[in-house]
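The lines below spell out each chain.
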Amino acid sequence: MDKRRVLIFEDSDIFADMLLEFLDGEGYETARAVNGLEGIKQVYSFLPELIITDVEMPLFKGYQATRLLKSRPSTRTIPVIMFTSLGESKDKFWGVQAGADYYIEKSPENFAELSKQTARLLAESVPADYGQIKREGKRINDNSLIEMVNNLLDNKLFQTTVIGLLAELSAKLSSLEEVARGVFGLLRNICESEICSMMIKDGDNSLVVYNANNSGYTGEIAEDFKAVAIADFNTRFPDYKVDAKEVNDFFPAGEKSKRIESYIMETLKSSGEDFATVHIGNSIKEYFSPVIVENLQVFLSAAAPIVANALRLRRMEILQKKTRAAFARYVPIDVMDEIIKKSDSPVSQSETRVVAVLFSDIVSFTKISEKTPAQEMVNFLNAYFSIQCGEIVAEGGNVDKFIGDAIMAIFGAPKSLENAAAGAVRAALRMIKALPRADTSKIILPEGGFGAGVGINYGDCVVGNIGFQDKLDYTVIGDTVNLASRMEGLTRYYKQPVLVSEFAYEAAKDEFIFRKVDNVRVKGKNKPVGIYSVYDAFRGEEGAGTPRNLVVNRDALDRYHKGLKLFHMREWETAGRYFTEALEIAEKDGDADFLSALYIKRVEEYARNPPSPDWDGTVTMTEK
């Protein structure tokens, strides 16, 4: 059998003699080159089946010679073992970059391992085309070899530099669009990418497209290029049916009308699968030479994971937005942000805060629901809640829960407000003014028509997550909540759209028009509380579309308050006169003044049957 040929690149005579003697003893035919240049030349004359090279040598280093041999089709299948005494990490890096097949430390103690790996590589290698190597050898001399190596090194240095720039760029970019812009910018350093597109599969059959008309082609030519690009994308991914497409054009069309003569498409891979295509056009014929294509492929291989990472971040951001939007239907945004911010802390923590609590419900809802089909009732409530809750949120409130047709909202938690009570009152007025926007055409209304009542209280509450570990509800509890609910219930009795407690009144009295309604002792409470009605404007000063029940005559209000003061002084006759004047003024304006009429009846009753000496004007309510 012919001996297998092994070529040694080794500048040390002592070590070369030891290695050659060992390999000769192993039955190999050997030859030696004292530097990298001579070693390359001997490849074309000795025709080795395996090469063992040192790293550090004169003229060309071992990895430079290896890179050249591995870059040429005729010699790339010849196995190369790097055999050196230099630092392992550095040499392994250069060995991998050059394409070496195996690395082993340079030492006589490793000759046995060297023999084992030599035999393995020779057995596994694909035979080189030695006829082609011989023909090439006739055209090779020192100058041509030096030129080839220098060109190769320049090309690799260029690729390394561009990849380094890409790495620097990726550290600064935060969005997929910025990454696409950066990739397009660096592509212009690699080739004349006069016009280019990047088409990225974004999941769920959606496509993200980035276009860069770098040379200012006309709109017609640019559109033709995009059409070719999308056609090639569809050919590459025939099973990917695009349902939604997002297109981003970085540069406007220009006046360049020269024909696009060269075109190339490359794919980007992530986790072994193609996920995007890059399309590049140029007006020069046969522009994409093997060197340019190699540079493109090297660059895009490095760019692919950066694009894929930006795509993942984009998908996460979209998912987070969708998740926040979905959960915002159930959890106030401020609560959600607080939970995320304090995700490592116990979620059951609560605190005492001063807040305003608002309750609202529909007048005669039971009668409406009894006569309206269930599905129509549900459809109406959803639309009604959307309108009313929009007004609450607009004033900084958080919708806490729905209780049948009722809405409970909190102002001042979890996000603090400058004046929570004032915010709640503003929201209440907006809610009443928004009632006409509710479409009542498919529900059966009572004779009194469609209306709602709003009650507000202001004070200390326990705020936090209430429930157990598997189901928590961010809410408020305490007497403040209970009294707010009672305020809403009293709107039916006093025929007022908005009622607030004396505590809410004291906090917001300088910002709105209030009318003292009564002192009441609500069901379940011994201590009386003052209640007030709220108006949006005085008669003659209201804006267009302001409901009549939110407008009061200034003179009528003045007489009413004088009558109320005299009422509590037991001056029945004089108080009655003021209440009557207030009622007459209101009726002249076409308004129904239930409160003045109520007090007229009371003074008439007390005039006939005076109350006991300990009477304080408080009305005790027996119903909620």
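Above this note sits the structure.
The model shown is predicted, which means the values in this text are computed figures rather than measured ones.

S.K.: Explain the overall build of the chain here, please?
M.R.: Check the secondary structure of the chain and you find 19 helices and 21 strands. Per-residue burial for the chain yields a buried fraction of 47% across its 624 residues. Considering only contacts within the chain whose residues lie at least 6 apart along the sequence, 68% involve residues at least 24 apart. For the chain, the computed accessible surface area is about 31900 Å², with 51% contributed by carbon and sulfur atoms.

S.K.: How should I be thinking about the nonpolar core in this particular structure?
M.R.: Counting residues in each nonpolar core, the largest one holds 44 residues, and the members touching the most others are Leu358, Tyr384, Phe411, Ile456 and Val500. The residues touching Ile456, leaving out its near neighbours within four places in the chain, are Val357, Leu358, Ala424, Val425, Ala428, Ala484, Met487, Leu499, Val500, Ser501 and Ala504. With 36 residues, the next largest nonpolar core counts Cys191, Cys196, Phe288 and Leu300 among its residues.

S.K.: Please clarify how helix α2 (residues 36–46) should be interpreted in this entry.
M.R.: One turn of the α-helix equals 3.6 residues, which is why residues spaced by three or four share an orientation. With eight of 11 residues buried, α2 lies mostly within the body of the structure. Along α2, the positions that sit buried rather than exposed are Gly36, Leu37, Gly39, Ile40, Gln42, Val43, Tyr44 and Phe46. Of the residues flanking the start of α2, the one acting as N-cap is Asn35, its side-chain oxygen 3.1 Å from the backbone nitrogen of Leu37. Positioned one or two residues after α2, Leu47 has a phi angle of 55°, which is positive.

S.K.: Would you take a moment to explain a nonpolar patch on the surface for this structure?
M.R.: Residues Val462, Ile466 and Ile477 make up a contiguous nonpolar surface patch of roughly 200 Å² in combined accessible area. Position of Ile466 relative to the elements: it lies in strand β14 (residues 452–468).

S.K.: Would you explain the pattern of salt bridges in this entry?
M.R.: Side chains that differ in sign of charge can pair as their charged atoms come close. Across all of its chains, the model carries 38 salt bridges by this definition. Its salt-bridge partner being Arg181, residue Glu177 comes within 3.6 Å of it at the nearest N-O pair. Note that Glu177 and Arg181 are positioned in helix α8 (residues 176–190) at a spacing of four residues, about one turn of the helix. Assessed through its relative accessible area of 41%, Arg181 is described here as partly exposed. The shortest N-O distance in the salt bridge between Lys401 and Asp400 comes to 2.4 Å. Overall, the relative accessible area of 11% leaves Asp400 in the buried class. Through salt bridges with shared partners, a single ionic network connects Glu391, Glu395, Arg426, Arg430, Arg437 and Glu511.

S.K.: Would you explain helix α3 (residues 62–71) in this entry?
M.R.: In terms of burial, α3 is largely enclosed, as nine of its 10 residues are buried. The set of residues buried in α3 consists of Gly62, Tyr63, Gln64, Ala65, Thr66, Arg67, Leu68, Leu69 and Lys70.

S.K.: Even after reading the chapter, I still don't get unusual backbone geometry, so can you show me in this structure?
M.R.: Glycine aside, a negative phi is what most residues show, and trans is what most peptide bonds show. Residue Pro414 is bonded to the preceding Ala413 through a cis peptide linkage, with omega at 0°. Despite not being glycine, Glu286 shows a phi value in the positive range, around 50°. The topology assignment puts Glu286 in the loop between β10 (273–282) and α10 (290–327).

S.K.: What is the right way to look at the sheet that holds strand β9 (residues 262–270) in this model?
M.R.: Working definition: the strands of a sheet are paired by backbone hydrogen bonds and lie parallel or antiparallel to each other. Pairing is mixed across the open sheet formed by five strands, whose spatial order is β8-β7-β6-β10-β9. At either end of the open sheet lies a strand with only one pairing partner, and these are β8 (244–249) and β9. Neighbouring strand axes in the sheet, compared pairwise and without regard to direction, differ in orientation by 15° on average. Sheet topology note: the strand β6 (residues 195–201)/strand β7 (residues 206–212) ladder contains six bridges and is antiparallel. For Cys196, the partnering residue across the bridge sits in β7 and is Ala212. The sheet contacts of α8 involve β6, β7, β8 and β10, and relative to β7 the element is tilted by about 40°. Relative to the sheet, helix α9 (residues 219–236) contacts β6, β7, β8, β9 and β10, its axis offset from that of β6 by approximately 35°.

S.K.: Even after reading the chapter, I still don't get the pairing of strand β1 (residues 5–9), so can you show me in this structure?
M.R.: Every regular strand shows the same layout, with side chains that alternate between the two sheet faces. Burial analysis of β1 places four of its five residues in the buried class, the great majority of the element. Bridge analysis of β1 against strand β2 (residues 29–33) gives five bridges, and the strand direction is parallel. Its bridge partner lying in β2, Val6 is registered against Thr30.

S.K.: Can you help me understand the packing of helix α1 (residues 13–25) against helix α5 (residues 111–124) in this one?
M.R.: Helix-helix packing is described using two parameters, namely the angle between the two axes and the distance between the axes. In contact at an axis separation of 11 Å, α1 and α5 are set at 55° when each is read in the N-to-C sense. Looking at the two axes, α1 sits oblique to α5. Note on packing geometry: the crossing formed by α1 with α5 is right-handed. Residue-level inspection shows Phe15, Met18, Leu19 and Phe22 of α1 in contact with α5, the latter providing Phe111, Ala112, Leu114 and Ser115. Taken together, the residues of the contact of α1 with α5 break down into seven nonpolar, one polar and no charged.

S.K.: Can you help me understand the packing of aromatic side chains in this one?
M.R.: Each aromatic ring pair is specified by the distance between its two centres and by the angle formed by the two planes. According to the stated counting rule, one finds 30 aromatic pairs in the structure shown. When the ring of Phe514 is compared with that of Tyr532, the centres are 6.5 Å apart and the planes differ by 85°; the resulting orientation is edge-to-face. Of this pair, Phe514 sits in strand β17 (residues 513–521) while Tyr532 is found in strand β18 (residues 529–535), placing the two residues 18 residues apart along the sequence. Phe514 gets classed as buried once you look at its relative accessible area, which sits at 8%. Here a set of aromatic residues connected by ring pairs shows up, and it is made of Tyr560, Phe567, Trp572, Phe579, Tyr599, Tyr606 and Trp615. Between Lys106 and the ring centre of Phe15, over which it is positioned, the NZ or CZ distance is 4.9 Å.

Thresholds applied
Residues numbered from 1 in each chain as written. Predicted model: local features only at pLDDT ≥ 70, side-chain atom pairs only at ≥ 80, totals over all residues. Heavy atoms only, no water. Helix = DSSP H or I, 4+ residues; strand = E, 2+ residues; numbered from the N terminus. Buried < 20%, exposed > 50% of the residue type's maximum accessible area, 1.4 Å probe, protein only. Contact = heavy atoms within 4.5 Å. Areas by Shrake-Rupley, 256 points an atom, 1.4 Å probe, with all protein chains shown as cover. Core = buried A, V, L, I, M, F, W, Y, C linked by side-chain atoms within 4.5 Å. Polar contact = N/O pair within 3.5 Å; in protein donor to acceptor, adjacent residues only side chain to side chain. Patch = residues over 30% accessible without salt bridge, like charges linked within 9 Å, V, L, I, M, F, W, Y side chains within 5 Å. Salt bridge = Lys/Arg side-chain N within 4 Å of Asp/Glu carboxyl O. Pairing = 2+ DSSP bridges. Axes fitted to C-alpha atoms, helices over the stretch in contact; angles between N-to-C directions. Parallel < 35°, antiparallel > 145°, perpendicular 65-115°, else oblique. Left-handed = near helix turned anticlockwise from the far one by under 90°. Nonpolar A, V, L, I, M, F, W, Y, C, P; charged D, E, K, R; others polar. Phe/Tyr/Trp six-rings, centres within 6.5 Å; stacked < 30°, edge-to-face > 60°. Lys NZ or Arg CZ within 6 Å of the ring centre and 35° of its normal.

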